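Residue-level listing of the chains:
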Number of protein chains: 2
Amino acid sequence: MSQALFPQAHAPDFDSADPSAVRRAIREGRFTGFTNLVAREYVQGNLVAVPAAHADAFELYCRSNPQALPILGRSEPGARSIPELAADLDIARDTGGYMVFRDGDLVDTPRDASPVWHDDLVAFVLGCSFSFETILQRNAVRLRHLDEGDVSAMYETTRETVPVGPFGGRLIVSMRALTPADAIRATLLSARYPQFHGAPVSLGLPGDLGIADLAHSYGGHGLTRLRPGELPVFWACGATGQNAVRSARLPLCITHYKAHMVVTDLPLPKD
Amino acid sequence: MSQALFPQAHAPDFDSADPSAVRRAIREGRFTGFTNLVAREYVQGNLVAVPAAHADAFELYCRSNPQALPILGRSEPGARSIPELAADLDIARDTGGYMVFRDGDLVDTPRDASPVWHDDLVAFVLGCSFSFETILQRNAVRLRHLDEGDVSAMYETTRETVPVGPFGGRLIVSMRALTPADAIRATLLSARYPQFHGAPVSLGLPGDLGIADLAHSYGGHGLTRLRPGELPVFWACGATGQNAVRSARLPLCITHYKAHMVVTDLPLPKD
């Protein structure tokens, strides 16, 4: 477990492998880090909550861009639970990091979204590459960003998603620095899991996605420097949903904050 | 159909889609070209014939290096037929281009190997990437070397095969210049067909295989110049068997000559 993740420099006071314990620690402010190294045997997801009147359009937008936005769950309007993902889920508090958009502008990044949650919101949970990272590591793919206590870098591409209603915008991708052999293995493995973005959308040539400089990541975080012998491999990323709510300019949308994912009780597939 | 393939500049006088007609045309000297654009819906293979005393060792060498040397058929000692591949196959005449090795040295490249064929030889037919090229094209992967009437370039790598008995040597690969999206698609598709070399062994970085300069291909042929936006994608190649017979220095070995493959009657899998 990296020091970066637990800057207290001592072991966490919760069972970081147990998704319910992780959510409780987040909810109580005892865990504030990225979720990519906790509850690793359980599915994690992106959060996008939109006004109920636009929920069906957003669902169709996701289904029209399934590599970026694979739907794992959808709440009832106003509900902060999605029982099929976790019995005790409070989606307005359990990621521990939120982005609040009003009319397309990011207006706040609270740790608890319950004060601004609204009966009008429908929450979507969308598959995340953190889930297949566990699967890649099980199969001996080296993920150097994890070894270094980092997350994967994200980039905004020049590729437009398929628009639906007010939702559109450019594809966001996540990047992992891999050897050629691991790039091939990761391609074959990830393709088996369309619910976690499936196969890469590009590799080897950042310019193929309009990425001019790997050093300039979306959000400014993640491992961005390749070593000799490594290729950049790019997967569609659920952060694409953040672009979509920005461009939709709706009165209120709420998403998770970077790398603070919805931790579910769904076990990862066993290959 | 390319002019390079039929320099007569007129249509061939045989049904180039029919493997039996192709073999007959080769045997009678009416077709002398590369076989990558004929009998495209049928399996083609590499030929390696070794002395019977070493046939079991060669089979084990192939099974120890299955990505390069997937066995499609093996003859009885001295037999020039492999009935499970084609009823009328005369393996000493039907590829139309042979390499004859004595004590590891290439001593002749006849169009007809029957004068030197020997009762002591056992012939192996090994899977070839020409077979999956048809499958890639069926799935809209662009193979520019075919569009340009060329074959894929081959390279000797710095990777050693797993040696067995007298057989060993470095891995040979074939290269295709692909866009990133096609590289991903080709990886996923080819992985389904281990009998035709399976997934790529490397991509993107020629240095990963010790290839210093793509312009210097094994045998000096094939498409070697990438265009912007293309990646080199490398598959294990049956020509690895030629290296193995060179290094084994046996009294007599016979292989096919470059890109003149054994054309079988086995239909390609239908995906």
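Residues numbered from 1 in each chain as written. Chains lettered and ligands numbered in written order. Predicted model: local features only at pLDDT ≥ 70, side-chain atom pairs only at ≥ 80, totals over all residues. Heavy atoms only, no water.

**Q** Sorry if this is basic, but what is going on with the overall build of chain A here?
**A** Looking only at helices and strands, one finds 6 helices and 11 strands in chain A. Residues counted as buried form 58% of the 271 residues belonging to chain A. The long-range share in chain A, meaning contacts at least 24 apart out of those at least 6 apart in sequence, stands at 76%. In the form shown here, chain A has an accessible surface area of approximately 10300 Å², with 51% of it arising from carbon and sulfur atoms. For chain A, the distance from the average position of its 25 positive side-chain charges to the average position of its 30 negative side-chain charges is 4 Å. (Helix = DSSP H or I, 4+ residues; strand = E, 2+ residues; numbered from the N terminus. Buried < 20%, exposed > 50% of the residue type's maximum accessible area, 1.4 Å probe, protein only. Contact = heavy atoms within 4.5 Å. Areas by Shrake-Rupley, 256 points an atom, 1.4 Å probe, with all protein chains shown as cover. Lys, Arg positive; Asp, Glu negative; His and termini not counted. Charge placed at Lys NZ, Arg CZ, Asp CG, Glu CD.)

**Q** What is the right way to read the relation of the copies chain B and chain A from this model?
**A** Related by rotation about an axis and a shift along that axis, the two copies of the chain form a pair. Taken as rigid bodies, chain B and chain A are interconverted by a rotation of 180° and an axial shift of 0.0 Å, the fit giving an RMSD of 0.0 Å. Viewed as a symmetry operation, the transformation between the two copies matches a two-fold axis. A high fraction, 100%, of the interface residues of chain B reappear at the interface in chain A, so the copies pair face to face through one surface. (Least-squares fit on C-alpha atoms with pLDDT ≥ 70 in both.)

**Q** Honestly, the packing of aromatic side chains in this entry has me stumped. Any pointers?
**A** For any pair of aromatic rings, the description rests on two quantities: the centre-to-centre distance and the angle between the ring planes. Residues and elements named next belong to chain A. Evaluated as defined, the whole model comprises 16 aromatic pairs over all chains. Where phenylalanine 58 meets tyrosine 61, the ring centres are 6.1 Å apart and the plane angle is 40°; that geometry is what we call tilted. Residue phenylalanine 58 and its partner tyrosine 61 are both found in helix H2 (residues 55–64); the two are separated by 3 residues, about one turn of the helix. Judged by relative accessible area, tyrosine 61 falls into the buried class, the value being 0%. (Phe/Tyr/Trp six-rings, centres within 6.5 Å; stacked < 30°, edge-to-face > 60°.)

**Q** Just checking my understanding: could you explain the interface of chain B and chain A for this structure?
**A** When the parts of a complex come together, some accessible area is lost, and that lost area is often used as the size of the interface. Contact with chain B, which involves 17 residues of that partner, is made by 17 residues of chain A. Of the roughly 1300 Å² buried at the junction of chain B and chain A (both faces included), carbon and sulfur atoms supply 86%. Here chain B and chain A share 0 salt bridges between them. For the pair chain B and chain A, the interface holds 0 residue pairs in polar contact (both at pLDDT 80 or more). Of all elements in the fold, only helix H5 (180–190) and strand E8 (202–203) of chain B reach the threshold of two or more residues within the side of chain B that touches chain A. Examining the composition of the side of chain B that touches chain A, we find that 5 residues originate from one element, H5(B), more than from any other. (Buried area = accessible area lost by both parts, 1.4 Å probe. Salt bridge = Lys/Arg side-chain N within 4 Å of Asp/Glu carboxyl O. Polar contact = N/O pair within 3.5 Å; in protein donor to acceptor, adjacent residues only side chain to side chain.)

**Q** I keep staring at the environment of Val116(B) and nothing clicks. Help me out?
**A** Residue and element names in this part refer to chain B. Mapped onto the elements of the fold, valine 116 is located in the loop between strand E4 (105–108) and strand E5 (121–127). Spatially, the C-alpha atom of valine 116 lies 8.8 Å from that of alanine 92, the residues being 24 residues apart in sequence. Ignoring any residue separated from it by four or fewer positions in sequence, one finds valine 116 in contact with Val100, Arg102, Leu252 and Ile254.

**Q** Mind showing me how you'd approach the domain arrangement of chain A here?
**A** All names here are of chain A. By domain assignment, chain A separates into domain 1 (19–127 + 245–267) and domain 2 (130–240). Inter-centroid distance (C-alpha atoms) of domain 1 to domain 2 is 21 Å. Across the boundary between the two partners, domain 1 contributes 31 residues, which contact 33 residues of domain 2. Both sides together, the interface formed by domain 1 and domain 2 hides about 2600 Å², and carbon and sulfur atoms give 60% of it. Its largest share of buried area at the contact with domain 2, domain 1 owes to Arg40, Tyr61 and Gln67, together 25% of the area lost on that side. (Domains from an automatic or database assignment.)

**Q** What's the story with the pairing of strand E3 (residues 98–102) of chain B in this structure? I'm lost.
**A** Looking along a regular strand, one sees side chains alternate from face to face of the sheet. Residues and elements named next belong to chain B. Within E3, 4 of the 5 residues are buried, which leaves the element mostly enclosed by the surrounding structure. Where E3 meets strand E10 (residues 253–256), 4 bridges bridge the pair, whose relative direction is antiparallel. Bridge pairing links methionine 99 to threonine 255 in E10. Pairing of E3 with E4, which is carried by 3 bridges, proceeds in the antiparallel orientation. For arginine 102, the partnering residue across the bridge sits in E4 and is aspartate 105. (Pairing = 2+ DSSP bridges.)

**Q** Got a minute to help me understand the environment of Pro206(B) in this structure?
**A** All names here are of chain B. Looking at the element boundaries, proline 206 is found in the loop between E8 and strand E9 (231–236). Separated by 112 residues in the primary sequence, proline 206 and aspartate 94 have C-alpha atoms spaced 34 Å apart. In contact with proline 206, other than residues within four places in its own chain, are Ile211, Leu214, Pro232 and Phe234.

**Q** I'm lost on helix H6 (residues 240–248) of chain A in this one. Help?
**A** Residue and element names in this part refer to chain A. Of all 9 residues in H6, 7 are buried, a share of seventy percent or more. Taken together, the buried positions of H6 are Thr240, Gly241, Gln242, Asn243, Ala244, Val245 and Ala248. Where H6 is buried, its residues contact strand E1 (42–51), H2, strand E3 (98–102), strand E6 (153–160), strand E7 (170–178) and strand E10 (253–256). Looking one or two residues beyond H6, the residue adopting positive phi is arginine 249, at roughly 55°.

**Q** For this particular structure, what's the right way to read unusual backbone geometry?
**A** Note: most residues except glycine have negative phi, and most peptide bonds are trans. Even without glycine at this site, Ala140(A) takes up a positive phi of about 70°. Its place among the elements puts Ala140(A) in the loop between helix H3 (129–138) and helix H4 (144–147). Phi at Ala259(B) is positive, roughly 65°, even though this residue is not glycine. Structurally, Ala259(B) can be placed in the loop between E10 and strand E11 (262–267).

**Q** Help me understand the layout of surface pockets in this model?
**A** Remark: the empty space left among the atoms is shown by a probe the size of a water molecule rolled over them. Residues and elements named next belong to chain A. If you add up the space inside the largest pocket, you get close to 180 Å³. Lining of the largest pocket is provided by Asn65, Pro66, Gln67, Ala68, Arg159, Glu160, Thr161, Leu171, Val201 and Ala236. In terms of residue class, the lining of the largest pocket is built from 5 nonpolar, 3 polar and 2 charged. Here the lining of the largest pocket spans two domains, and each of domain 1 (19–127 + 245–267) and domain 2 (130–240) adds at least three residues to it. (1 Å grid on protein atoms, 1.4 Å probe; cavity = no way out; pocket = protein on both sides within 12 Å on 5 of 7 lines; lining within 4 Å. Points joined across faces, edges and corners; volume = space filled by probe spheres on them. Nonpolar A, V, L, I, M, F, W, Y, C, P; charged D, E, K, R; others polar.)

**Q** Is there a simple way to think about the pattern of salt bridges in this case?
**A** All chains considered together, the criterion is met by 43 salt bridges over all chains. Through salt bridges with shared partners, one network takes in Arg23(A), Arg27(A), Asp88(A), Asp94(A) and Asp265(A).

**Q** Which parts of the structure should I look at to understand H5(B)?
**A** Because each turn of an α-helix spans 3.6 residues, side chains separated by three or four positions end up pointing in the same direction. The buried count for H5(B) comes to 8 of 11 residues, which makes it a mostly enclosed element. For H5(B), the complete set of buried residues consists of Pro180(B), Asp182(B), Ala183(B), Ile184(B), Ala186(B), Thr187(B), Leu189(B) and Ser190(B). Against the buried residues of H5(B) lie helix H5 (180–190) and strand E8 (202–203) of chain A together with helix H3 (129–138), strand E7 (170–178), E8 and E9 of chain B.

**Q** Would you mind going over the sheet that holds strand E9 (residues 231–236) of chain A with me for this structure?
**A** By way of backbone hydrogen bonds, the strands of a sheet pair with one another, either parallel or antiparallel. All names here are of chain A. Pairing in this open sheet of 4 strands is antiparallel, and the strands run E6-E7-E9-E8 from one edge to the other. The open sheet is flanked by E6 and E8, the only strands paired with a single partner. Pairing between E8 and E9: 2 bridges, direction antiparallel. Bridge pairing in E9 places serine 202 opposite phenylalanine 234. Each of E6 and E7 is contacted by H6, which is oriented at about 160° to E7, the strand it contacts most. (Axes fitted to C-alpha atoms, helices over the stretch in contact; angles between N-to-C directions.)

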